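# Close look at the chain arrangement
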Amino acid sequence: MKRKLFCELSPLTYKISVLKGIWVRKLKWFINRKKYAWEFSTKPLNFAICRHKSLIRRRLGNMDMTLQENKAVNLSIAAPKVNGIIIRPGKIFSFWKLVGSCTAKKGYLDGLILRVGELQSGIGGGMCQFTNLIHWMILHSPLNIIEHHHHNNVDIFPDYGRQIPFGTGTSIMYNYLDYQFINKTDQTFQLLVMADDNYLIGELRSDRELDVAYHIKEENHHFSLENGKYYRNNEIYREIISKKTGDIIDKQLLIKNHSRVLYDMANIV
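These numbers come from a predicted model, not from an experiment. Numbers given for residues are sequential positions, taken from 1 along each chain in its written order. Residues qualify for local features only when their pLDDT is at least 70, as the model is predicted, and side-chain atom pairs are given and counted only at 80 or more; totals for whole chains, interfaces and linings, by contrast, use all residues. For side-chain calculations, the full set of non-hydrogen atoms in the structure is used, while hydrogens and water are omitted.

### Considerations on the overall build of the chain
Here is the rule we go by: Secondary structure elements are taken from DSSP: a helix is a run of H or I of four residues or more, a strand is a run of E of two residues or more, and numbering for both begins at the N terminus. Radius of gyration: C-alpha atoms only; globule rule: 2.2 Å multiplied by the number of residues to the exponent 0.38. Only protein chains enter the area calculation, which uses a 1.4 Å probe; residues under 20% of their type maximum are buried, those over 50% are exposed, and those in between are partly exposed.
When you go through the chain residue by residue, the secondary structure sums to four helices and 13 strands. Computed over the C-alpha atoms, the radius of gyration of the chain is 19 Å, within 12% of the 18 Å expected from 2.2 N^0.38 for a compact globule of 269 residues. Counting only C-alpha atoms, the chain reaches 50 × 45 × 40 Å along its principal axes. Burial statistics for the chain: of 269 residues in total, 45% are counted as buried.

Structure follows, in structure tokens:
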């Protein structure tokens, strides 16, 4: 039998592990405080690098739509905390450092969260959609992702109007599971985000045009049956394309997914 981790022994040890992770992160933030992006501007930088929007309310299986309504509230509270952030050369973007903890006192409501492979409701649920949006735009830029967690080991819901390939999402948890990227270029970048009645909308901008474009593609997508269980498989690649010639300069494998399917496959295969 596989030996349990300390955090898996009981609800108490789980809480202890969470608190330890939170305070270790806060200590790192304090020690490296000068490295993080903190400057905001309401004036958009001159050049749009990537735009994306995602539908806030989606029907996910038999999940209570109240959680989707609450997610809309949560995103509307969090979006202004990131909107307009300037990421200058050498600076690090940290999602949780900007957004802070999601508490009921701040107005956050119960939303859908994924914890240890299980769907639950929790205060501030829905923030993964926020970092999903940011991650998708960063993949279309020369910015370097330095912390990215994902729950690609499970496939929770069948596709409902999916716009981006399966497995390109993020998993976050205040604050020890963060989403971070660093600007190693000589350009300045800016994130603009807002939540309207229907969509979470984002834009990545810069002070200069890029001489390359980025294209994210999925290959080898298929379902497999292994020991009586279904798995979803695919590979996600990023192509870097010269704007001058249209040639593919580089093709990078970002992730290879092998995820257990948690929903009924009767109508899928």
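### So, the pattern of salt bridges
Counted only if it meets this: Here, a salt bridge means any side-chain nitrogen of Lys or Arg that lies within 4 Å of a carboxyl oxygen of Asp or Glu.
Applying the stated criterion across every chain, the model contains 11 salt bridges. For R208, the salt bridge identified is with D186, shortest N-O distance 2.9 Å. With R208 in the loop between strand 10 (199-206) and strand 11 (212-226) and D186 in the loop between strand 8 (180-182) and strand 9 (189-195), this residue pair connects regions lying 22 residues apart in the sequence. Given the relative accessible area of 35%, R208 is considered partly exposed. One salt bridge in this structure joins K217 and E239, with 3.5 Å as the shortest N-O distance. Here the residue K217 occupies a position in strand 11, and E239 occupies one in strand 12 (residues 229-242), the gap between them amounting to 22 residues.

### Notes on the side chain of S94
Cut-off, in case you're wondering: Whether two residues are in contact is decided by their heavy atoms: any pair within 4.5 Å suffices.
Here S94 shows up in strand 3 (residues 92-94). Ignoring anything within four residues of it in the chain, the contact list for S94 reads W29, Y36, D178, Y179 and Q180.

### Description of the sheet that holds strand 7 (residues 154-155)
Rules: Strand pairing follows a simple DSSP-based rule, namely that at least 2 bridges must link the two strands.
Reading across the sheet, the four strands line up as 7-13-12-11 and stay open at both edges, with mixed pairing between neighbours. The strands lining the two open edges of the sheet, one partner per strand, are strand 7 and strand 11. In this structure, strand 7 lies alongside strand 13 (residues 248-261), joined through two bridges in parallel fashion. Of the residues in strand 13, the one forming a bridge with V154 is R260.

### Brief notes about unusual backbone geometry
In most cases, non-glycine residues show a negative phi, while peptide bonds are predominantly trans. That bond from Y174 to N175 is cis: its omega, -20°, falls within 30 degrees of zero. Structurally, the position occupied by N175 is in the loop between strand 7 and strand 8. The phi angle at N220 is positive, at roughly 55°, despite the residue not being glycine. Within the element layout of this structure, N220 appears in strand 11. Backbone geometry places N227, a non-glycine residue, at a positive phi of 55°. Following the sequence through the fold, N227 ends up in the loop between strand 11 and strand 12.

### Let's talk about the pairing of strand 9
Successive residues of a regular strand alternate their side chains across the two faces of the sheet. The buried fraction of strand 9 amounts to five of the seven residues, a majority that puts the element mostly inside the structure. Across three bridges, strand 2 (residues 85-87) lies against strand 9 in antiparallel orientation. Residue I86 lies in a different strand from strand 9, and its bridge partner there is Q190. Note that strand 9 and strand 10 share seven bridges and pair antiparallel. Within strand 10, the residue paired with L192 across the bridge is E203. Hairpin connection of strand 9 to strand 10: three residues between the antiparallel strands.

### Observations regarding the environment of S10
Examined against the element boundaries, S10 turns out to sit in the segment before helix 1 (11-31). A sequence separation of 184 residues divides S10 from M194, and the C-alpha atoms of the two residues are 39 Å apart.

### A few points about the nonpolar core
Put simply, the rule is: Throughout, nonpolar core names a set of buried Ala, Val, Leu, Ile, Met, Phe, Trp, Tyr and Cys residues whose side chains join them through atoms within 4.5 Å.
Judged by nonpolar contacts, the single largest core of 44 residues is most densely connected at V82, F93, F95, M127, F130, I134 and L191. For this core, the element with the highest residue contribution is helix 4 (residues 127-138), accounting for six residues. Apart from residues no more than four positions distant in its own chain, V82 is found in contact with F40, F93, F95, L98, V99, F130, I134, L191 and V193.

### Digging into the sheet that holds strand 1 (residues 47-55)
Quick note on the threshold: All axes here are fitted lines through C-alpha atoms, helices being fitted over the stretch that makes contact, and every angle between N-to-C directions spans 0 to 180 degrees.
Read from one edge of the open sheet, four strands run 1-10-9-2, paired in antiparallel fashion. With partners counted over all chains shown, the strands left at the sheet margins are strand 1 and strand 2, one partner each. Taken over all neighbouring pairs, the strand axes of this sheet differ in orientation by 15° on average, direction set aside.

### As for the environment of I85
Mapped onto the fold, I85 is located in strand 2. Remark: the alpha-carbon pair of I85 and T42, spanning 43 residues in sequence, is separated by 8.7 Å. Those residues in contact with I85, other than ones at most four positions away along the chain, are A37, W38, E39, F40, F93, L98, F189, Q190 and L191.

Spatial relationships are all this shows, so hold off on functional conclusions.
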